[in-house]
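These are the residues of each chain, in order.
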Amino acid sequence: ADVKPDVASFEYLLKARCAAMDAKGAWAVVDDMDREYLEVPPQAHAALATVSSLTGYVEKARSACEAARQAVKDNGAGTVEDDGAGELFRSGGGYGSDSDERKAANEQVKGHKKDKRHSQQQQQQEEASKSVQQFLKLRNSDALRQVEEVEKFLALGDDFVKEVAAVVNRGPESESSPVLLVEGAANVKKPLCFKEVFGNDLPVRLEVCSGHGDWVTERAQRDEGKANWLALEMRRNRIRMTWAKAVRRRLDNVALLCGMAHEMMGAHVPSGSLTEVYVNYPDPPEWVGSSQCLVDQAFLRDAHRSLKPGVGHLTLVTDDPNYAMRMCRELSKVPRLFKPTEHGGKPFKSGVPEGYGGSYFDEMWKNGRQNDRYYIRYKRV
């Protein structure tokens, strides 16, 4: 059957081209969507603004910023930051009014079993509508956050933007790249020499599973002159976007590793070289007891080997209670490698420290009122 791609398919393709720093290819996707009479969502416009600004298409970037703001207004879902009247969701965007749906459901419940089943279906539809609006609200906020970052970058002036674009267009493979990117465990036959990489002897910190790179680039900018950072991520499109974000911030205290955590740490991180290892919101196992789990005995041995004796720390943060318990159990099996830092030897505490930083997925769960956070911090023995 001839099935035409939907908005989600086009958005995936657009973001893939953005991650590859292919601005022309990304804008071509927008043209294809226009021909199919499909609306470009705010996050896609924001991704276009980001890649256009990074590659030197300033007017295109400004146009995409305006389009993103307009798309947020048009979908009517609002943003996480909206105060409103204290309600989590508002009407608009074609999803109807929450109160109107409840009235309609109440009128259809008259004591008949059929009506009762219909009411249950209606309630499920209301919950689905809420979930959709909740997700749209988060996406709107994230789109506007990206737009603000692009606008701040453009405000630094044409010369600054051109300098960054020149670096981005040469790519991370260029010998002149200010941010080292190592892909795969076989690319370097010996561990990295951090003094050569960073040009100093400052402490080195590692984030494993760095995702889109927002947390690690923010922390690296905060730590300029105080510490160096490694970001490790297995997805190539994400690590390349992190590279571009580091270039945009003009960071010289970040290096990137692309590959599987166990392999990359073993191949590239020297023993006793790190002061901190962070794992923020790792994907939980698909089911309880699954062997597909990042924080296992092998990972803990790698972390222990990489951290400086007596001063190194391992920090794990998750919003998944089952995964938190599993990580604590794994740590309890290796008392000779790590010991808890919480008072009384408690394995974790609720909530993260002020100023710790957040992420896209962290904001998603906050928006859904899933506010539990498990902060697990252990010291290397």
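Residues numbered from 1 in each chain as written. Predicted model: local features only at pLDDT ≥ 70, side-chain atom pairs only at ≥ 80, totals over all residues. Heavy atoms only, no water.

Asks: Lay out the environment of valine 40 in plain terms, naming residues and giving numbers.
Replies: Secondary-structure assignment places valine 40 in the loop between α2 (23–35) and α3 (42–54). Among the residues examined, valine 40 registers a relative accessible area of 11% and is labelled buried. Along the chain, valine 40 and glutamate 11 lie 29 residues apart, while their C-alpha atoms are 7.7 Å from each other. Other than its neighbours up to four places away in sequence, valine 40 contacts Val30, Met33, His45 and Ala71. (Helix = DSSP H or I, 4+ residues; strand = E, 2+ residues; numbered from the N terminus. Buried < 20%, exposed > 50% of the residue type's maximum accessible area, 1.4 Å probe, protein only. Contact = heavy atoms within 4.5 Å.)

Asks: Describe the environment of phenylalanine 10, and please don't skip the residues or the numbers.
Replies: Relative to the assigned elements, phenylalanine 10 resides in helix α1 (residues 7–19). According to the relative accessible area criterion, phenylalanine 10 is buried, its value standing at 9%. The sequence separation of phenylalanine 10 and valine 29 amounts to 19 residues, and the corresponding C-alpha distance is 6.8 Å. Those residues in contact with phenylalanine 10, other than ones at most four positions away along the chain, are Pro5, Val29, Asp32, Met33, Glu36 and Leu38.

Asks: Explain the pattern of salt bridges residue by residue, including any values.
Replies: When the charged atoms of two side chains lie near each other, side chains of opposite charge can form a pair. Enumeration over the complete set of coordinates arrives at 19 salt bridges. For the salt bridge of glutamate 163 with arginine 250, the shortest nitrogen-to-oxygen distance reads 3.4 Å. Of the two residues, glutamate 163 is situated in helix α7 (residues 158–170) and arginine 250 in the loop between α10 (236–248) and β4 (254–258); the sequence distance between them amounts to 87 residues. The partner of lysine 195 in a salt bridge is aspartate 201, and the shortest N-O contact between them spans 3.7 Å. Each member of the salt-bridge network shares a partner with another, and the members are Asp142, Arg145, Glu149, Asp214, Lys245 and Arg248. (Salt bridge = Lys/Arg side-chain N within 4 Å of Asp/Glu carboxyl O.)

Asks: Let's hear about the nonpolar core: which residues, and what values?
Replies: With 54 residues, the main nonpolar core has Leu14, Trp243 and Leu256 as its most contacted residues. Counting residues per element, this core draws most heavily on α3, at seven residues. The contacts of tryptophan 243, once residues within four sequence positions are left out, are Val167, Val168, Gly171, Pro172, Ser177, Val179 and Leu256. Within the second largest apolar cluster, 38 residues are counted, among which are Leu232, Ala255, Leu314 and Leu316. (Core = buried A, V, L, I, M, F, W, Y, C linked by side-chain atoms within 4.5 Å.)

Distances and angles like these do not, on their own, reveal function.
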